[in-house]
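Residue strings, one per chain:
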Amino acid sequence: MSNASPGLAPPTTFILVFAFALAGPVMALAPLGMAPLLIAAAVFATLAQRLRGCTWPSFPPRATGIAVIFLAWCALSLFWALNRPSGARKLVDMVMVFAASLALAGLAEQQDAGQRRRFAMALALGTVAGLILLGEETALGFPLYRLVMGSDNPKLQDLLLSKRSVDAAPLLVWPAALAFERLGRPLFGIVLAILFAIASFKLTAASSTLAMVVSFAILAIAWPRGALAGRLLSIGTVAAFALIIPGAILAYDHLGDHALQVGALDKQHRCSGGHRLEIWHFAAEK
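Just so you know, these numbers come straight off a predicted model, no measurement behind them. (Residues numbered from 1 in each chain as written. Predicted model: local features only at pLDDT ≥ 70, side-chain atom pairs only at ≥ 80, totals over all residues. Heavy atoms only, no water.)

Re the overall build of the protein
Assigned secondary structure in the protein consists of 13 helices and zero strands. Listed N to C, the secondary structure of the protein is α-α-α-α-α-α-α-α-α-α-α-α-α in terms of helices and strands. The proportion of buried residues among the 286 residues of the protein is 33%. Of the roughly 17,400 Å² of accessible surface on the protein, 71% is carried by carbon and sulfur atoms. (Helix = DSSP H or I, 4+ residues; strand = E, 2+ residues; numbered from the N terminus. Buried < 20%, exposed > 50% of the residue type's maximum accessible area, 1.4 Å probe, protein only. Areas by Shrake-Rupley, 256 points an atom, 1.4 Å probe, with all protein chains shown as cover.)

Okay, here's the thing in structure tokens:
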């Protein structure tokens, strides 16, 4: 007896292919729209699968457990938040995003080989289109964005819109590179990641450049020893949450009066390390 998945319903496949293809352009022009896109894709795909297959997607147990722990910690942090109503609204947004992600992960378990290939193709080509669009908009002064939102939009100041897009782009570039690998074109994926890493030096986001450098380091470790890379990622993720507050205090105490100078230097180079140090030190004291 075959254990192969029967596959997703055709309407569900259409919705997800459309969402994957749209992710790249949305990331380029309106990065804050990625969360609504994720939620909408999960809702419509889940409903379509329910109507055609009479089934609901099952949440992956381990991922669900991690999500619940993380959201519980976020909820606990509201007790010392400076603006609890604002924090509560953001917590609701996060619950919706995590629920949508888990629903999509449950649907992923039902896809067949042909659907997996179509999703990979949509993500890979959509990401390439989005990066080309981002390069065109940045080079030409965001003509499409100005046409829709107006030339006096504050997000156009100091290339803030471009910075947001480039900061978030590694979250899409690496899945797209993996999609190319799944399509039998691993070289395309590596070239895509390298070209974006080089471009990030010339764009506005130091954090994006750092993300790509660290990613390549992890990839170099994962190539011969995937399990070790996975453990390093897990340790790094936990350490980032556990050490951010003591790290902010330690860094601020060592920098002292130089923190404002770092902030001024960051403003000149359009990155926000100094500003974030000030923010995290203030949060750590509270």
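Description of helix 1 (residues 10–29)
One turn of the α-helix equals 3.6 residues, which is why residues spaced by three or four share an orientation. Between its first and last C-alpha atoms helix 1 spans 29 Å; for 20 residues at 1.5 Å apiece the expected length is 28 Å, and the two agree. At alanine 23, helix 1 is deflected by roughly 35°, the largest bend along its length, and proline proline 25 occurs up to four residues later in sequence. Those residues of helix 1 not exposed but buried are Thr12, Thr13, Leu16, Ala19, Ala23, Gly24, Val26, Met27 and Ala28. (Expected span 1.5 Å × (residues − 1). Bend = angle between axes of the 7 residues up to and from the residue.)

Section: the confidence of the model for the protein
Per-residue pLDDT for the protein has a mean of 82; in total, 85% of the residues score no lower than 70. Here residues 262–271 is modelled with pLDDT under 50, and outside its nearest four sequence neighbours on either side it reaches 15 contacts, counting other chains as well. (pLDDT = per-residue confidence, 0-100. Contact = heavy atoms within 4.5 Å.)

Here we look at helix 4 (residues 84–108)
Taking 1.5 Å as the rise per residue, helix 4 with 25 residues should run 36 Å; its terminal C-alpha atoms sit 36 Å apart, in good agreement. Listed as buried for helix 4 are Ser86, Gly87, Leu91, Ala100, Leu102, Ala103, Gly106 and Leu107. The secondary structure elements touched by the buried residues of helix 4 are helix 1, helix 2 (34–53) and helix 3 (61–76). Structurally, the start of helix 4 carries an N-cap: the backbone nitrogen of serine 86 is 3.2 Å from a side-chain oxygen of asparagine 83. (Polar contact = N/O pair within 3.5 Å; in protein donor to acceptor, adjacent residues only side chain to side chain.)

Brief notes about the packing of helix 5 (residues 113–140) against helix 8 (residues 170–182)
For the pair helix 5 and helix 8, the least separation of the axes is 8 Å and the interaxial angle reads 135°. With respect to their mutual orientation, helix 5 and helix 8 come out oblique. The two elements helix 5 and helix 8 meet at a crossing, and its hand is left-handed. Contacts between helix 5 and helix 8 involve Ala120, Leu123, Ala124, Thr127, Val128 and Leu131 from the former and Leu172, Val173, Pro175, Ala176, Ala179 and Phe180 from the latter. Considering only residue class, the contact of helix 5 with helix 8 consists of eleven nonpolar, one polar and no charged. (Axes fitted to C-alpha atoms, helices over the stretch in contact; angles between N-to-C directions. Parallel < 35°, antiparallel > 145°, perpendicular 65-115°, else oblique. Left-handed = near helix turned anticlockwise from the far one by under 90°. Nonpolar A, V, L, I, M, F, W, Y, C, P; charged D, E, K, R; others polar.)

Describing the packing of aromatic side chains
Scanning the entire structure with this criterion turns up five aromatic pairs. Ring centres of phenylalanine 70 and phenylalanine 241 lie 5.5 Å apart, and the angle between their planes is 70°; on these two criteria the pair is classed as edge-to-face. Of this pair, phenylalanine 70 sits in helix 3 while phenylalanine 241 sits in helix 11 (residues 226–255); the two residues are 171 residues apart in sequence, bridging distant segments of the chain. Classification of phenylalanine 241 as exposed rests on a relative accessible area of 53%. Between tryptophan 174 and phenylalanine 216 the ring centres are 5.2 Å apart and the planes differ by 70°, which places this aromatic pair in the edge-to-face class. (Phe/Tyr/Trp six-rings, centres within 6.5 Å; stacked < 30°, edge-to-face > 60°.)

Details of the side chain of threonine 127
Within the fold, threonine 127 resides in helix 5. A residue is classified by how much of its surface remains accessible, and threonine 127, at 2% relative accessible area, is buried. Contacts of threonine 127, omitting those with residues within four sequence positions, involve Gly24, Leu172, Val173 and Ala176.

Thoughts on the environment of phenylalanine 188
For phenylalanine 188, the location among the structural elements is in helix 9 (residues 186–202). Exposure remark for phenylalanine 188: the relative accessible area of 46% places this residue in the partly exposed category.

Thoughts on the pattern of salt bridges
Using the criterion set out here, one finds one salt bridge in the structure. The residue glutamate 181 makes a salt bridge to arginine 182 at a minimum N-O spacing of 3.8 Å. Relative accessible area serves as the criterion here: at 55%, arginine 182 is assigned to the exposed category. (Salt bridge = Lys/Arg side-chain N within 4 Å of Asp/Glu carboxyl O.)

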